[in-house]
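Structural description and commentary
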Amino acid sequence: FFMEKTGILCHGRHLQANDWELHQWGDEKNGRLGQILKTMYIASKLNPEVIVFGTGASEKDGVKESEYTIRYMLENFSRVRNFTQFKDQVIWDLQEMMQDRSIAEVNSQNTNQELDYAGNIFIEREVNKIIIVSNPDHIGRCMQLAHVTYNQSKFKKFDQVYGAQSEVGYNGTEKSTTRMIE
C-alpha cells in the first residue's frame, strides 16, 4: 500500500529585492498570485504534510527571510479574500493549515542549500512528492538544481518532484511573457 505524502517548498526571495511584496504576495489589482499565495493555493488543493519556506540568506530587522515571509503571510491573511482563486476556500481552515504546517528553513544561503535543507525536512516527514514554488523567471533553474540535488542517494525516495510557477515574474512580468531558452 503506497501512501503519498506531499511537501511544498516556497522558494525564498531576498528581502531587499525590488518589489518583494509584489513577487511574494502578488498583484491584488490584477488577481495574479505571488509565491506565497501560489504556495497557499497548492496547499489548499493537496493538503500537504509540510510547507517549507526558505531561506536564511537575508534578514530584515534581525528576522531571517523565511521567518519574515511566514510572518508576513499570517499578518496579511485577510487579504487572501481579494483573490478570486480563493473564493470557494474557507479562509480560516486554510490559515490554520498554513500556520500549523509551515516551517521556516533559516540555514541555507543559496538555492542548492535550500533544496538540501528542505529535502532533509521532507525526509523527516516521510514526504515522497515535492512541489517547488518559485517565480516564472527562476522555476527552471530551481528544477534543474532539484534534479541534481534530489538524485543523491539520501533523497532517492522523492519519486515525484514538480515545479509550480507563481503568476508574477521579475519586474512584474507575467508568466505568459516569460520564456526559457537552453
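All of these numbers come straight from a predicted model, not from anything done at the bench.

**Side note on the overall build of the chain**
Helix and strand content of the chain: six helices and nine strands. The principal-axis extents of the C-alpha atoms in the chain amount to approximately 45 × 35 × 35 Å. Partitioning the intrachain contacts of the chain with sequence separation of at least 6 by distance along the chain shows that 78% fall at a separation of at least 24. Per element, the accessible surface of the chain, about 9,300 Å² overall, is 45% carbon and sulfur.

**A short note on the state of the cysteines**
Summed over all chains, the structure comprises zero disulfides. Here Cys-10 stays free of any disulfide, with the sulfur of Cys-142 as its closest cysteine sulfur at 10 Å. Among the residues examined, Cys-10 registers a relative accessible area of 1% and is labelled buried.

**What to know about the nonpolar core**
Ranked by size, the top nonpolar core spans 29 residues in total, and within it Leu-37, Met-40, Met-73, Phe-77, Val-80, Phe-86 and Met-98 carry the most contacts. Of all the secondary-structure elements, those providing two or more residues to this core are strand S1 (6-10), helix H2 (35-46), strand S4 (50-54), helix H3 (65-75), helix H4 (91-101) and strand S8 (129-134). Dropping the residues within four chain positions of it, Phe-86 is found in contact with Leu-33, Leu-37, Met-40, Tyr-41, Val-80, Ile-91 and Leu-94. Judged by nonpolar contacts, the second largest core, of 17 residues, contains Val-52, Leu-115, Phe-122 and Val-127.

**Topic: the environment of Gln-95**
Within the secondary structure, Gln-95 sits in helix H4. As for Gln-95 and Thr-55, which are separated by 40 residues in sequence, their C-alpha atoms are 21 Å apart. When residues no more than four places from it in sequence are discounted, the contact partners of Gln-95 are Leu-74 and Phe-77.

**A closer look at the pattern of salt bridges**
Any two side chains of opposite charge can pair if their charged atoms end up close together. Going through the model one piece at a time under the given rule, you end up with eight salt bridges. Where Asp-27 meets Arg-32, a salt bridge forms, and the shortest distance between an N and an O atom there is 3.2 Å. Like Arg-32, Asp-27 is buried. With a shortest N-O distance of 3.3 Å, Asp-116 and Lys-154 are connected by a salt bridge. Linking Asp-116 in helix H5 (residues 111-124) with Lys-154 in the loop between helix H6 (139-149) and strand S9 (160-165), this pair joins segments that are 38 residues apart in sequence. You can call Asp-116 partly exposed: its relative accessible area is 22%.

**Side note on unusual backbone geometry**
Going from Gly-54 to Thr-55, the amide bond is cis rather than trans, its omega being 10°. The backbone phi angle of Asp-19 is positive, close to 55°, even though this residue is not glycine. Positive phi, close to 55°, is recorded for Asp-61, a residue that is not glycine. Relative to the assigned elements, Asp-61 resides in the loop between strand S5 (59-60) and strand S6 (63-64).

**A few points about the side chain of Thr-39**
Note on placement: Thr-39 falls in helix H2. According to the relative accessible area criterion, Thr-39 is buried, its value standing at 0%. Residues contacting Thr-39, with those up to four places away along its chain left out, are Ile-8, Cys-10, Ile-51, Phe-53, Met-98 and Val-133.

Criteria and cut-off values
- Residues numbered from 1 in each chain as written.
- Predicted model: local features only at pLDDT ≥ 70, side-chain atom pairs only at ≥ 80, totals over all residues.
- Heavy atoms only, no water.
- Helix = DSSP H or I, 4+ residues; strand = E, 2+ residues; numbered from the N terminus.
- Contact = heavy atoms within 4.5 Å.
- Areas by Shrake-Rupley, 256 points an atom, 1.4 Å probe, with all protein chains shown as cover.
- Disulfide = S-S within 2.5 Å.
- Buried < 20%, exposed > 50% of the residue type's maximum accessible area, 1.4 Å probe, protein only.
- Core = buried A, V, L, I, M, F, W, Y, C linked by side-chain atoms within 4.5 Å.
- Salt bridge = Lys/Arg side-chain N within 4 Å of Asp/Glu carboxyl O.

So yeah, pure geometry; function would need other evidence.
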